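# Chains, contacts and geometry: an overview
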Amino acid sequence: MEGHDVGNELLCSVTHPDSAEEPGSPALACEHYGSPQQEVTATMRRNDSYLPVPGEEKSLDVDFVNTKDGSDESIPMKNRYADDGSPLYPRQGPYFSDGQRRVDYVLTYQIQKPNSIRRQSSRFGDNNFIQRFCRSLNIRNRGAEAHPKEDPEIAAQEQRTDYHEDDKRFRREEFEENIMETGLELEMDERTNIPGIGFMKIHAPWNVLCREAEFMKLKMPTKKSYEVKQGSNLVEKIRLFIHKVTAPLHPKVDTSRQQSVKFLSHPFSREKQHLFDLSDRDKFFDSKTRSSIVYEVLKRTRCTRAKYSMAYRSRSFNKSSADGSVNRITSLLANGVYTSAYPLHDGDIEGVNAEPNDRKLLYEQWASYSYFYKYQPIGLIRKYFGEKVGLYFAWLGVYTQMLIPAAIVGVIVFLYGCATVDDNIPSMEICDPRHNITMCPLCDRACSYWKLVTACGTARASHLFDNPATVFFSIFMALWAVLFMEHWKRRQMRLNYIWDLTGFGEEEEEEHKDHNRAEYEFRVMRKTIRKEQPTPKREESEKGKVKLTCTDRLPAYLTTVVTMVFMILVTFAIVFGVILYRISIKAALHMSTYSARSNIRATVKGTAAIINLVVIIILDEVYAAIARWLTTLEVPKTDKSFEDRLIFKTFILKFVNAFTPIVYLAFFRGRLVGRPGNYLYVIGSYRMEECAHAGCLMELCIQLCITMLGKQLIQNNLFEIGIPKLKKLLRRKRSDLDSKQEEELNRSLHRHEKDHILGPFVGLSPEYMEMIIQFGMVTLFVASFPLAPLFALLNNIIEIRLDAKKFVMELRRPIAAKAKDIGIWYNLLRGLSKVAVIVNAFVISFTSDFIPRLVYQYMFSDDGTMHGFINHTLSYFNVSDFQPGTDPLQPMHLGYKVEICRYKDYREPPWATTPYELSKEFWVVLAARLAFVVGFQNVVMLMSDFVDWLIPDIPKDISLQIHKEKILMVELFMKEEQGKRQAARDNHNQDNCNSPSSADQSPPRTRSRPVSHANC
């Protein structure tokens, strides 16, 4: 009878007793077991000597509910409506069927229906659009029914499947019983509009919330408040002035709360409940906190029994299961015992009957493109999604805000180039037809001699990005990156103060990291299974010591290294293939009857950049999947370790993928060419490509522009907008429902059903990675493309609202995770800002003509001007020195015979004693370039470190407020102790007044403060 009682406790105490007597509310907790046979089955489930359930007893596991008189009445699974069409559950919000207790968390699982019920359900509702819609979604596979008499193998397979489903169900019941032992309340719902899916709704009562809040050391606001005084220094006055000026740009949320008043926060304690305002217990713990508390309870809850394990399981598996190491919520989700687990959104965001809630407020004030010019409601985002998501959007807002001055300066630099293009002497010399300069062929045989004046357009366009202002802009962007990092640190510290995270240290963070991942636990289990049968002594000594070592992970580590090296080599090979494309297509266009021969170079540049863009977008998706696969192979122990390893691999692969073509154009193209008569060839007759006369900076600019615009418009925005809309369109076409029927279906769904249809939350890593790559585009090669901050700003304005729509409308609500910083992403940003200084120094020095122009003007110019600079940078070549088979096929293309042609390099002329050797001008320019790199790097680094030292990480007013909070908290506890002592004295005096001997005897007075006896 003991097992019988336990089974009834599990199956019948799932729902609160009060809700079972509510009219119109079915007893969901007992809807499976009402007949005596079912009670026997329930008893067997709690029996230590469990045997597999016979096939005839499985047919009793149907979707029936018990009526009050005890009769078994068949009710269709999806029947939520009365005869008059009204819903049985009047309140469709995130509540239990009683409409009072809030659903704090939901677990979903697959429902295995017997064949008889499947045949019966096919007769119900053929004209019901809800069932037609759900069938069209193909949520549950409805395979053909097996016929054991016709095919014994299929019958045996079905029996094994039934055993597996029984195992899952018993593990669920075990887990749910353990959940209830923690004090949580459950309600089962299998009569839903989503066929094949059952829902287990979880509610945390007040005592559980208080207990877990104390255990988790959650800081909650107390009754004590104080006035927040603003700083009086110049920086704080400027900040307050900007805040007042931009007041119309702030969203209209949380207007009732006074910004100048803050409540003291203290870790919740049941012994100190009088410190907290508990007048409204329903609102003291908000929905975010309630769901995080339930999730922590679920992570600690284990299945510790092995009696439900099937007979075909090995003894080692049973031992592993018995210690509970593989049966926590993560393991149950990975093993399919539960299909998903998620907290609920607060309510609907659209519709006339939508009640006011935080989600609707976020939708109206944040997830709308019409509010693109307003600040984000960071406080409300944190309140609804948690600190980790709030910090991401706060960082994205600060980054976008800081892009405004960078974009303005970049536009000014670009306009300066446009204004001075007509005054640029080198480009004027190139465009002057009086300078009859004949250039050497750009390719072998197919290309002929050409006039330098034909490069006039390229030279003028290059000046837009290659002018003295770009050097200033590079220094500005290096300092901008430092200011951005410092501004974010101060903003992050201010948010930590506002969100009461100043005391959130490593101990609290470690509490959220010590839960092993399901894959790790499975690998430990498999390692235990692979061991030989242990002796009792050995088993006792090795108990609890099984873990994965470096030796176990060595094959995965080797696979990771080899795969990542191979993927990087694949990226290099693709870039090399694009180089060969440019070389071959240029020769082919020269040989063809291409009408606009002057635009051949622009055509090749543009098509090659587009090919690079397409390859980058495709490989990004491939590399993301490969990085996740490699990280899974390594079997990290915790989610934190998994996330860090995944971020590292993904960043390396995506960074190499995005920047390899750009690095080639900036630092390698045109430097491994050789000279006329002695060119460098690859793969036979492919001659390495040269830069245009104005340098490779223009091609670098084109590549950056197309890559940034393409990744932002196609990969970031079009994919995020288009793919969800395409999925929704396909789902609508497959449902065979019109708009009215779909709207009626949406109204009939309950909150947990609506959220189940939404996409799962996969983390913030993809969002951060997208912005980190963009940050690299903005800072690393900004000397060649000053408009990059402008494009990034326009993209981020859209990105913020796009991500807001995705989080509010399209994704399930994530578990609220505490975090006091953005973690590893800050280190990546800081590293990129340091590397950007070096990269821009090399771009200015070696890619642009800034240094050669300075050297010529101050060392080789006769009059100290730039006149003659073009002739100074061109060397001479005698056409008779061409290698056999490399001279042009049409030497008379220009109408005259060419004997001497020019090419861009610093080399001795053919009539010198050492013809075609590097000249002294080359070494002078090289020394100047290296000196500029060293000087630029050290000066900018010194200025950056000075700015970093000058700006404190913690704002002064915040440090003062934190100190003030500590003092006020001490005073609060001192007053509490004094109150306790006073109350103890009053009670003592009250007892003395009520004692019989107090009237006859007067005790001697001690030297203490007089006590009032007015109440005696």
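Definitions and cut-offs
Residues numbered from 1 in each chain as written. Predicted model: local features only at pLDDT ≥ 70, side-chain atom pairs only at ≥ 80, totals over all residues. Heavy atoms only, no water. Helix = DSSP H or I, 4+ residues; strand = E, 2+ residues; numbered from the N terminus. Buried < 20%, exposed > 50% of the residue type's maximum accessible area, 1.4 Å probe, protein only. Contact = heavy atoms within 4.5 Å. Areas by Shrake-Rupley, 256 points an atom, 1.4 Å probe, with all protein chains shown as cover. Polar contact = N/O pair within 3.5 Å; in protein donor to acceptor, adjacent residues only side chain to side chain. Core = buried A, V, L, I, M, F, W, Y, C linked by side-chain atoms within 4.5 Å. Disulfide = S-S within 2.5 Å. Axes fitted to C-alpha atoms, helices over the stretch in contact; angles between N-to-C directions. Parallel < 35°, antiparallel > 145°, perpendicular 65-115°, else oblique. Left-handed = near helix turned anticlockwise from the far one by under 90°. Pairing = 2+ DSSP bridges. Patch = residues over 30% accessible without salt bridge, like charges linked within 9 Å, V, L, I, M, F, W, Y side chains within 5 Å. Salt bridge = Lys/Arg side-chain N within 4 Å of Asp/Glu carboxyl O. Nonpolar A, V, L, I, M, F, W, Y, C, P; charged D, E, K, R; others polar. Phe/Tyr/Trp six-rings, centres within 6.5 Å; stacked < 30°, edge-to-face > 60°. pLDDT = per-residue confidence, 0-100.

### Focus: the overall build of the protein
Regarding its fold elements, the protein presents 35 helices and 16 strands. With 1016 residues in all, the protein has 49% of them scored as buried. The contacts of the protein with a sequence gap of at least 6 include a subset with a gap of at least 24, amounting to 81%. Counting every atom, the protein has about 50400 Å² of accessible surface; 58% of that belongs to carbon and sulfur.

### Quick notes on helix α14 (residues 358-365)
Counting buried positions along α14 gives six out of eight residues, so the element sits mostly inside the fold. Asp 358, Arg 359, Lys 360, Leu 362, Tyr 363 and Gln 365 are the residues of α14 that are buried. Of the surrounding secondary structure, the elements contacted by the buried residues of α14 are α15 (378-385), α28 (751-757) and α30 (788-810). Where α14 begins, the capping side chain belongs to Asn 357, and its oxygen is found 3.0 Å from the backbone nitrogen of Arg 359.

### Some thoughts on the nonpolar core
Formed by 111 residues in total, the largest nonpolar core has its most connected members in Trp 395, Tyr 399 and Phe 781. Among the elements that make up this core, the one with the highest residue count is helix α16 (residues 387-419) (16 residues). Leaving out residues up to four positions away in the same chain, Trp 395 has contacts with Phe 484, Trp 488, Tyr 768, Met 771, Ile 822 and Leu 829. Counting residues in each nonpolar core, the second largest holds 47 residues, with Tyr 105, Phe 285, Leu 298 and Tyr 338 among its members.

### A look at unusual backbone geometry
Leave glycine aside and you will find that most residues have negative phi; peptide bonds, for their part, are mostly trans. For Lys 217, which is not glycine, the phi torsion reads 60° and is therefore positive. Summarising the element assignment, Lys 217 is placed in the loop between α8 (206-215) and β6 (219-227). At Asp 500, a position not held by glycine, the phi torsion is positive, near 60°. Summarising the element assignment, Asp 500 is placed in the loop between α19 (468-498) and α20 (506-511).

### Structural notes on the state of the cysteines
Counting across every chain of the model gives three disulfides. Residue pairing for Cys 440: its cysteine sulfur links by disulfide to Cys 901, the two sulfurs lying 1.9 Å apart. As the torsion about the S-S bond is roughly 85°, the Cys 440-Cys 901 disulfide counts as right-handed. With Cys 440 in the loop between β9 (438-439) and β10 (450-451) and Cys 901 in strand β16 (residues 900-904), this pair connects stretches of sequence that are 461 residues apart. Given the relative accessible area of 0%, Cys 901 is considered buried.

### Some points on the packing of α19 against helix α34 (residues 920-950)
Packing of α19 against α34 brings their axes to within 10 Å, and their N-to-C directions diverge by 30°. With respect to α34, the axis of α19 lies roughly parallel. Our pair here, α19 against α34, has a crossing hand that is right-handed. Taking contact as the criterion, the partners of Val 471, Ser 474, Ile 475, Ala 478, Leu 479, Val 482, Leu 483, Glu 486 and Lys 489 in α19 are, on α34, Phe 932, Phe 936, Val 940, Met 943, Ser 944, Val 947 and Asp 948.

### Thoughts on the sheet that holds strand β5 (residues 197-203)
The sheet built from four strands is open, its strands ordered β4-β5-β3-β8 with antiparallel pairing. In this open sheet, the two strands that pair with only one neighbour each are β4 (185-189) and β8 (340-342). Pairwise comparison of adjacent strand axes, ignoring direction, gives a mean angle of 20° for this sheet. Across the sheet, helix α11 (residues 287-300) touches β3 (105-110) and β5, and the angle it forms with β3 is around 50°.

### Digging into a nonpolar patch on the surface
Taken together, the side chains of Leu 234, Ile 238, Phe 241, Ile 242 and Val 245 present a nonpolar region at the surface, about 520 Å² in accessible area. Residue position: Leu 234 is located in helix α9 (residues 234-245).

### Concerning the packing of α19 against helix α31 (residues 824-847)
Orientation of α19 relative to α31, taken along the N-to-C sense of each, is 170°, at an axis distance of 10 Å. Relative to α31, α19 is oriented roughly antiparallel. Two secondary-structure elements touch here, α19 through Val 471, Ser 474, Ala 478, Ala 481, Phe 484, Met 485, Trp 488 and Lys 489 and α31 through Tyr 826, Leu 829, Arg 830, Ser 833, Val 837, Asn 840 and Ile 844. Of the residues in the contact of α19 with α31, the class split is 10 nonpolar, three polar and two charged.

### What about the packing of aromatic side chains?
Any two aromatic rings considered together are summarised by their centre-to-centre distance and by the angle between their planes. For the structure shown, the criterion picks out 47 aromatic pairs. Ring geometry for Phe 284 versus Phe 285: centroids 4.9 Å apart, planes at 85°, classification edge-to-face. On the accessibility criterion, Phe 285 (0% relative accessible area) is buried. For the ring pair Tyr 876 and Trp 911, a centre distance of 5.3 Å and an interplane angle of 50° mean the geometry is tilted.

### Observations regarding the confidence of the model for the protein
Confidence in the prediction for the protein averages 75 pLDDT; 74% of positions are at 70 or higher. Of the regions scoring below 50 in pLDDT, residues 997-1016 engages in 10 contacts with residues more than four places distant in sequence or in other chains.

### Points about the side chain of His 266
As for its position among the elements, His 266 is in strand β7 (residues 261-267). Among the residues examined, His 266 registers a relative accessible area of 17% and is labelled buried. Sequence-distant contacts of His 266, that is, excluding residues within four places in its chain, are made with Leu 218, Lys 219, Met 220, Thr 222, Lys 272, Phe 276, Met 969 and Phe 973.

### Here we look at the pairing of β4
Most of β4 is tucked away, with five of its five residues classed as buried. Here β4 shows no split at all, with Glu 185, Glu 187 and Asp 189 on one side and Leu 186 and Met 188 on the other all buried. Here β4 pairs with β5 via five bridges, running antiparallel. If you follow Glu 185 over to β5, its bridge partner there is His 203.

### Brief notes about the pattern of salt bridges
With the rule as written, the count across this model stands at 40 salt bridges. Between Glu 634 and Arg 645 there is a salt bridge, and its shortest N-O distance comes to 3.0 Å. With Glu 634 in helix α24 (residues 600-634) and Arg 645 in helix α25 (residues 639-668), the pair connects residues that are 11 residues apart, well separated along the chain. Here Glu 634 falls in the buried class, since its relative accessible area comes to 4%. Residue classification places Arg 645 among the partly exposed residues on the basis of a relative accessible area of 23%. Overlapping salt bridges, with partners in common, bring together Glu 486, Lys 489, Arg 830, Asp 948 and Asp 953 in one network.

### Comments concerning the environment of Lys 299
Looking at the element boundaries, Lys 299 is found in helix α11. Exposure remark for Lys 299: the relative accessible area of 9% places this residue in the buried category. C-alpha separation for the pair Lys 299 and Arg 328, spaced 29 residues apart in sequence, amounts to 6.2 Å.

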